[in-house]
There are 2 protein chains.
Amino acid sequence: MTETQQRPAGARPSTETLERRGPIATDRDGTPGPLDGPEAAGILDGVRAAVDPELRAAIESLPPSLRRIGLYHFGWQHPDGTPAAGNAGKAIRPALVLTAAAALGGPAARAASVAAAVAVELVHNFTLLHDDVMDQDTTRRHRPTAWTVFGEADAILAGDALQALALRLLAQDPHPASAAAAARLADCVVELCAGQQADTALEKRGPDEVGLDEVLAMAEAKTGALLGCACALGALYAGASQEHVVALDAFGREAGLAFQLIDDVIGIWGDPSRTGKPAGADLAARKKSLPVVAALTSGGPAAAELAALYEKPYDRDDGDDKEALHRIALGVERAGGRDWAQAQAADRMARAMQELARAVPDPEDAGGLLALAEFVTRRSN
Amino acid sequence: MTETQQRPAGARPSTETLERRGPIATDRDGTPGPLDGPEAAGILDGVRAAVDPELRAAIESLPPSLRRIGLYHFGWQHPDGTPAAGNAGKAIRPALVLTAAAALGGPAARAASVAAAVAVELVHNFTLLHDDVMDQDTTRRHRPTAWTVFGEADAILAGDALQALALRLLAQDPHPASAAAAARLADCVVELCAGQQADTALEKRGPDEVGLDEVLAMAEAKTGALLGCACALGALYAGASQEHVVALDAFGREAGLAFQLIDDVIGIWGDPSRTGKPAGADLAARKKSLPVVAALTSGGPAAAELAALYEKPYDRDDGDDKEALHRIALGVERAGGRDWAQAQAADRMARAMQELARAVPDPEDAGGLLALAEFVTRRSN
């Protein structure tokens, strides 16, 4: 469990790993890390300033009954409708839109792509609202999730409305790329839904019934797809060629998968004093994270022993079960899950860099996207 | 309860009144009624033929995990994936799109507006999938609802994907009106969500806490908005003036409200042998239908007595409660609810005709839309 998100023991994990880890711009304990150039933080501050007014205007345009849910979800209002300080998340996805547009089309393209950035952020938050209902997650961004405050039906309806707002923004945008961007974003929504569907289905299966390829495909659909789409929309708004759009999409997807792999490693072996979540929480929830499934599918006695341990639900009041978490973590490591995940993450980041170089050959132009990719994947485990 | 839709006693009523009454092209008992010109039935057959291939292609484009839910929901597959005869509903909304386009732009406009018709039908079915989850309705179109077969999460995700498909179809449509149509359809989605939100909120309140204006506004948002939007999209695709688009939207909204009023009257006083639902089912569910709220808000002793009766939940095993349904129906009638609803329905239809005449002055051109409006509002109570 993280400090930003909690769920009942045994419930399936959430989509929103990019946000549930707490501050990403710094290490888990809040100290700026060695790779924390001012660049990523500066990019994100600039993005919030560019995106928030239009994002908020979109939410304000909703009828009152849905507006209050949106304003609450984005942290701009308390449940009673009084103003709140606001914690609308890290704006990684809108940052990728604007930074990709700038990389391929300069400041004018960046300025022209704000509506696309807002649309991506609206889609992301529509999926958060729905996923929190399905996963019965009770905390997001340090606050009770919308469904726990307004009820499941209202949270579902607010999510539906946010999807509509996203596609309306693009439909109303006179930019020549807006229709292609809307089609691509709608395709991405379908992929996000399929990813969430796969996740719920995988979590219902036994530990010996899950393949590594399908967990990787699920992670790509749930986490990689929207990061890729955000980059692709920036490229479209910069008037880039189809080849460059495809390459930037792949860059975002690969960076997203690298992030997920590292996040899963930290979920098992991260230092609780730095991660802000208790040791072994992902294992206690029997989460079918990437290192675990890699270990389970590795064959041999270590995998079989791990499957036997993972089969039995965790009982937080049972001291033996607590002790077993260490044995499970050791089992995942002995079966090669940790090494595989770290090698995969490095491989994915290398692929992301290749795609980035293909789309944006000038390292200076690519600097912003590189900083964001390092930002989302940097971890101090 | 109708033959097409059932819900647990006390649960709130569904959106989908246009479909839950069984065949609309004929009287409730299947006998063609006096107003059944061949025209409406012919229009609807033609619409299904024009729309179904593209509708089905859209569903087939989904990833397998979501495709099977869509194919089941539209009646094209059984739960196990084997082919089914198909019962995708009455296609009223796509019929309004195509017929409005034909009325204002002739056969070429009708042919060009198929994507818009499919988009409207996808939005309609996305709301059905979600509303059935929220309302816990267990039967639709004579079959178990999708969530009862695939689970709530999968039904929500399939609905999300259908909304995305709808807006993708318009984003990919090269027609010059497609962006305006997408923006209008997205606005309509927001209104549908607000209407459903209002409905769930109203059903939680006591019988003396509901105003007639808010129930009318809710019915317009839930039922009228998408019928109006369908007509407006047809007008947009015909290249009609803004004034004509607005008038056709109003035509659809008013006809939709007339339908809802008549449907609510039949829900109380309809002949069970013709309606296919037990007498007093809406009253047993304590449904805050339009005639009931008109009666409750009429003032005087009949309204107060009705409120007292309506306050207490219905117990199907209590003979006294069964007996009380007759007293409630009589109370609604004595307090003026029935007369009000019938007068309102006539008034709404008159307004619909005025708007239609404004948008399509030539009666011959307006004939198709007139036939569809009569078709949806015709009832043999």
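Read on for an overview of the structure. (Residues numbered from 1 in each chain as written. Chains lettered and ligands numbered in written order. Predicted model: local features only at pLDDT ≥ 70, side-chain atom pairs only at ≥ 80, totals over all residues. Heavy atoms only, no water.)

On a plain count of helices and strands, chain A comes out with 17 helices and two strands. Classification of the 381 residues of chain A by burial places 63% in the buried group. Of the accessible surface of chain A, which amounts to about 13,300 Å², a share of 55% is contributed by carbon and sulfur atoms. (Helix = DSSP H or I, 4+ residues; strand = E, 2+ residues; numbered from the N terminus. Buried < 20%, exposed > 50% of the residue type's maximum accessible area, 1.4 Å probe, protein only. Areas by Shrake-Rupley, 256 points an atom, 1.4 Å probe, with all protein chains shown as cover.)

Attention shifts here to the relation of the copies chain A and chain B. Superposing chain A onto chain B takes a rotation of 180 degrees combined with a translation of 0.0 Å along the rotation axis, leaving an RMSD of 0.1 Å. Both chain copies can therefore be described as sitting about a two-fold axis. When the interface residues of chain A are mapped onto chain B, 100% of them again lie at the interface, so the same face is used by both copies. (Least-squares fit on C-alpha atoms with pLDDT ≥ 70 in both. Contact = heavy atoms within 4.5 Å.)

Two quantities define a packed helix pair, namely the angle between the axes and the distance from one axis to the other. Residues and elements named next belong to chain B. Between helix H10 (residues 242-269) and helix H17 (residues 363-377), the shortest axis-to-axis distance is 8 Å and the interhelical angle comes to 25 degrees. Between H10 and H17, the angle is such that the two are roughly parallel. Two packed elements cross with a definite hand, and for H10 against H17 that hand is right-handed. Residues Leu248, Phe251, Ala255, Ala258, Phe259 and Ile262 of H10 form the contact with H17, whose own contacting residues are Leu369, Ala373, Val376 and Thr377. Within the contact of H10 with H17, the residues separate by chemical class into nine nonpolar, one polar and no charged. (Axes fitted to C-alpha atoms, helices over the stretch in contact; angles between N-to-C directions. Parallel < 35°, antiparallel > 145°, perpendicular 65-115°, else oblique. Left-handed = near helix turned anticlockwise from the far one by under 90°. Nonpolar A, V, L, I, M, F, W, Y, C, P; charged D, E, K, R; others polar.)

With 188 residues, the main nonpolar core has Leu122 and Leu248 of chain A together with Leu122 and Leu248 of chain B as its most contacted residues. Sequence-distant contacts of Leu122 of chain B, that is, excluding residues within four places in its chain, are made with Leu55, Ala58, Ile59, Phe74, Leu162, Leu165, Ala166 and Leu169 of chain B. With 35 residues, the next largest nonpolar core counts Met218, Ala294, Ile328 and Ala345 of chain A among its residues. (Core = buried A, V, L, I, M, F, W, Y, C linked by side-chain atoms within 4.5 Å.)

A separate point is the packing of helix H9 (residues 212-237) of chain A against helix H10 (residues 242-269) of chain A. Residues and elements named next belong to chain A. Running from N to C, H9 and H10 cross one another at 140 degrees; their axes reach a closest spacing of 7 Å. Between H9 and H10, the angle falls in the class oblique. Crossing hand, H9 versus H10: right-handed. Considered class by class, the residues forming the contact of H9 with H10 number 14 nonpolar, six polar and three charged.

One widely used convention gives an interface's size as the accessible area the parts lose upon coming together. Every contact between the two is made by 33 residues of chain A and, on the other side, 33 residues of chain B. Roughly 2,800 Å² is buried in total at the junction of chain A and chain B, and carbon and sulfur atoms are behind 71% of that figure. On the chain A side of the contact with chain B, Leu157, Val190 and Gln197 of chain A bury the most area, a combined 19% of that side's loss. Between Arg168 of chain A and Asp187 of chain B there is a salt bridge, and its shortest N-O distance comes to 2.3 Å. (Buried area = accessible area lost by both parts, 1.4 Å probe. Salt bridge = Lys/Arg side-chain N within 4 Å of Asp/Glu carboxyl O.)

All right, on to the packing of aromatic side chains then. One pass over the structure, following the stated rule, counts four aromatic pairs over all chains. When the centroid spacing of 5.2 Å and the interplanar angle of 20 degrees are considered together, the rings of Phe74 of chain A and Trp76 of chain A count as stacked. Using a relative accessible area of 0% as the deciding quantity, one classes Phe74 of chain A as buried. Above the plane of the ring of Tyr72 of chain B lies Arg143 of chain B, whose end atom (NZ or CZ) is 4.0 Å from the centre. Its guanidinium or amino end placed over the ring of Tyr310 of chain B, Arg286 of chain B lies 5.6 Å from that ring's centre, counting from NZ or CZ. (Phe/Tyr/Trp six-rings, centres within 6.5 Å; stacked < 30°, edge-to-face > 60°. Lys NZ or Arg CZ within 6 Å of the ring centre and 35° of its normal.)

This part takes up the environment of Leu330 of chain B. Residue and element names in this part refer to chain B. Looking at the element boundaries, Leu330 is found in helix H15 (residues 319-334). Residue classification places Leu330 among the partly exposed residues on the basis of a relative accessible area of 47%. In the structure, Leu330 is positioned 28 residues away from Ala302 in sequence and 9.6 Å away in space, judged by C-alpha atoms.

Residues and elements named next belong to chain B. Tallied over the entire structure, the rule returns zero disulfides over all chains. With no disulfide of its own, Cys188 has Cys229 as its nearest cysteine by sulfur position, at a separation of 4.2 Å. Overall, the relative accessible area of 4% leaves Cys188 in the buried class. (Disulfide = S-S within 2.5 Å.)

Here the focus is the pattern of salt bridges. Following the criterion strictly, the structure yields 40 salt bridges over all chains and no others. Of the charged contacts in the structure, one is a salt bridge between Asp264 of chain A and Lys287 of chain A, with a shortest N-O distance of 3.6 Å. Here Lys287 of chain A lies in the loop between helix H12 (281-284) and helix H13 (290-296) and Asp264 of chain A lies in helix H10, a separation of 23 residues in the sequence. Just as Asp264 of chain A is buried, Lys287 of chain A falls in that class too. Between Glu355 of chain B and Arg358 of chain B there is a salt bridge, with the nearest N and O atoms lying 3.6 Å from each other.

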